[in-house]
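# Coordinates in review
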Amino acid sequence: MRILVLGGTSFVGRAIVDDALRTGAEVTLFGRGRTGTDLFPGVPRRIGDRDTGDYAALRDGSWDAVVDVSGYVPRHVGQAMEVLGDRVGRYLFLSSQAVYERTGVGPGSDEDTPPRPPVRDTEELNEDTYGPLKAACEDDVLARYGSRATIVRPGKVAGPYDVQSGLTYWVRRAARGGRVALPGSPEQPVQVVDSRDLARLVVRLLADDRPGAFHAVGPAEPTTMAELITTCARVAGSRVEVVPVPPEAVPPFFPLTRPRSRWSTQQRSPARARAAGMPATPLAVTAADVLAWDRERGEPPLEYGLSPAEEAQLLAGA
Ligand SMILES: NC(=O)c1ccc[n+]([C@@H]2O[C@H](COP(=O)([O-])OP(=O)(O)OC[C@H]3O[C@@H](n4cnc5c(N)ncnc54)[C@H](OP(=O)(O)O)[C@@H]3O)[C@@H](O)[C@H]2O)c1
């Protein structure tokens, strides 16, 4: 199978390329040639830029499928579809759970939940526009490719090479042990999907030539924040006491925590994706692999979360 990956050299895309190569697929990468330049030697790279609309490198060639990992705004997918046309059999778009409203749905919601109204009049990505821009991209891919379109909507992704703070913050924090400040409720449900499970789903959907939309959410069993933190501690061989602190006491965008009004965003149904072949890696396995990878890379500062000093100050008052 010949697969063109738009992106493929950062966290999520890298896992997809790894899995595609494992299955013996012939992969072609498209990107600016800046990220992960030492990855995947021998895999052909076409150089271009989605921000400037430079797709000249894709003017020739044909593929059984394209996986669009780096499309964020309708112009990205519009220009890619225009240049690729029918030289790709299937267009798989990596979307997000952010296409859905954050409130107003119950636990276990599935892929037929109506997305938020699409947004097309901006290319600025922020908390408010990211989901509606992805929704617009989904609509455009479906309009152009119909039953040759596949949409994958991941929740929070976790695993080695994660460039964000999500699970990595808690893995690192739990490994330090002791009293762990949790800005929110220990009972909060939390969904993280192992990047390798997401990758396996994508590659299976292509191999099976399967249309439709799929939630990529995990882990294997429904989990709460308290269980996630204690699982991370168990894996690291440390002991923790989870101490709830007021969410207002920490900056916004805290890793993995959500207000009660948004808990149902962490209870999406993985049933359709699992039936299509998405594995369900236990959280302990993901956490152990993240811990090993994070230690090997020297635990660089994370974008979000509390420093040890900030946490100590919060805990002193708890
Ligand atoms: N992480 C999560 O928890 C999460 C959750 C839900 C959905 N998602 C979705 O998963 C995807 C994330 O993918 P990712 O982790 O692989 O990282 P990414 O930052 O979306 O993609 C980076 C890749 O795209 C290429 N790229 C970046 N800018 C480009 C440009 N202007 N033109 C052409 N190529 C460009 C990069 O290579 P060069 O730098 O060499 O160009 C690299 O290969 C997104 O679609 C995101 O919405 C992620």
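Rules behind the numbers
Residues numbered from 1 in each chain as written. Predicted model: local features only at pLDDT ≥ 70, side-chain atom pairs only at ≥ 80, totals over all residues. Heavy atoms only, no water. Axes fitted to C-alpha atoms, helices over the stretch in contact; angles between N-to-C directions. Helix = DSSP H or I, 4+ residues; strand = E, 2+ residues; numbered from the N terminus. Parallel < 35°, antiparallel > 145°, perpendicular 65-115°, else oblique. Left-handed = near helix turned anticlockwise from the far one by under 90°. Contact = heavy atoms within 4.5 Å. Nonpolar A, V, L, I, M, F, W, Y, C, P; charged D, E, K, R; others polar. Buried < 20%, exposed > 50% of the residue type's maximum accessible area, 1.4 Å probe, protein only. Near = heavy atom within 4 Å. Polar contact = N/O pair within 3.5 Å; in protein donor to acceptor, adjacent residues only side chain to side chain. Areas by Shrake-Rupley, 256 points an atom, 1.4 Å probe, with all protein chains shown as cover. Pairing = 2+ DSSP bridges.

### Some points on the packing of helix 2 (residues 74-84) against helix 3 (residues 130-145)
Where helix 2 meets helix 3, the closest approach of the two axes is 8 Å, and the angle between their N-to-C directions is 20°. Relative to helix 3, the element helix 2 lies roughly parallel. Note on packing geometry: the crossing formed by helix 2 with helix 3 is right-handed. Listed contacts from helix 3 to Pro74, Val77, Met81 and Leu84 of helix 2 are Leu133, Ala136, Cys137, Asp140, Val141, Arg144 and Tyr145. When its residues are assigned to classes, the contact of helix 2 with helix 3 shows nine nonpolar, no polar and two charged.

### Focus: unusual backbone geometry
Excluding glycine, residues mostly have negative phi values, and the peptide bonds linking residues are mostly trans. Omega for the bond connecting Gly218 with Pro219 falls within 30 degrees of zero, at 0°, which places this linkage in the cis form. Here Pro219 is to be found in the loop between strand 10 (212-216) and helix 6 (225-236). Its identity is not glycine, yet Asp209 carries a phi of approximately 50°, on the positive side. In this structure Asp209 comes out as partly exposed when scored by relative accessible area, which is 49%.

### With respect to helix 2
What helix 2 keeps buried is the set Pro74, His76, Val77, Ala80, Met81, Val83 and Leu84. One or two positions beyond helix 2, positive phi appears at Gly85, with a value near 50°.

### Let's talk about the site of the ligand
Lining the immediate environment of the ligand, one finds 28 residues, of which Thr9, Arg34, Thr35, Tyr72 and Tyr130 sit closest. For the ligand, an oxygen atom lies 2.9 Å from a polar atom in the backbone of Val12. Between the ligand and Lys134 there is a distance of 2.9 Å, counted from an oxygen atom to a side-chain nitrogen or oxygen. Protein contacts shield 88% of the accessible area of the ligand, which totals 900 Å² for the unbound molecule. Mapped by element, the contributors of at least two residues to the shell around the ligand are helix 1 (11-22), helix 3 and strand 7 (156-158). In terms of residue count, helix 1 provides more of the shell around the ligand than any other element does, three residues in total. Class assignment of the residues belonging to the shell around the ligand gives a composition of eight nonpolar, 13 polar and seven charged.

### Examining the sheet that holds strand 2 (residues 26-31)
Judged by pairing direction, the sheet is parallel, and its seven strands sit side by side in the order 3-2-1-4-5-6-10 without closing on themselves. Of all strands in the sheet, those with a lone pairing partner are strand 3 (45-47) and strand 10, marking the two edges. In this sheet, adjacent strand axes meet at a mean angle of 20° when their direction is disregarded. The pairing of strand 1 (residues 2-6) with strand 4 (residues 63-68) spans four bridges and is parallel. Each residue of the ladder has a partner; that of Val5, found in strand 4, is Val67. Packed on one face of the sheet, helix 2 meets strand 1, strand 4 and strand 5 (88-94) and runs near 170° to strand 5.

As far as function goes, none of this settles anything; it's purely spatial.
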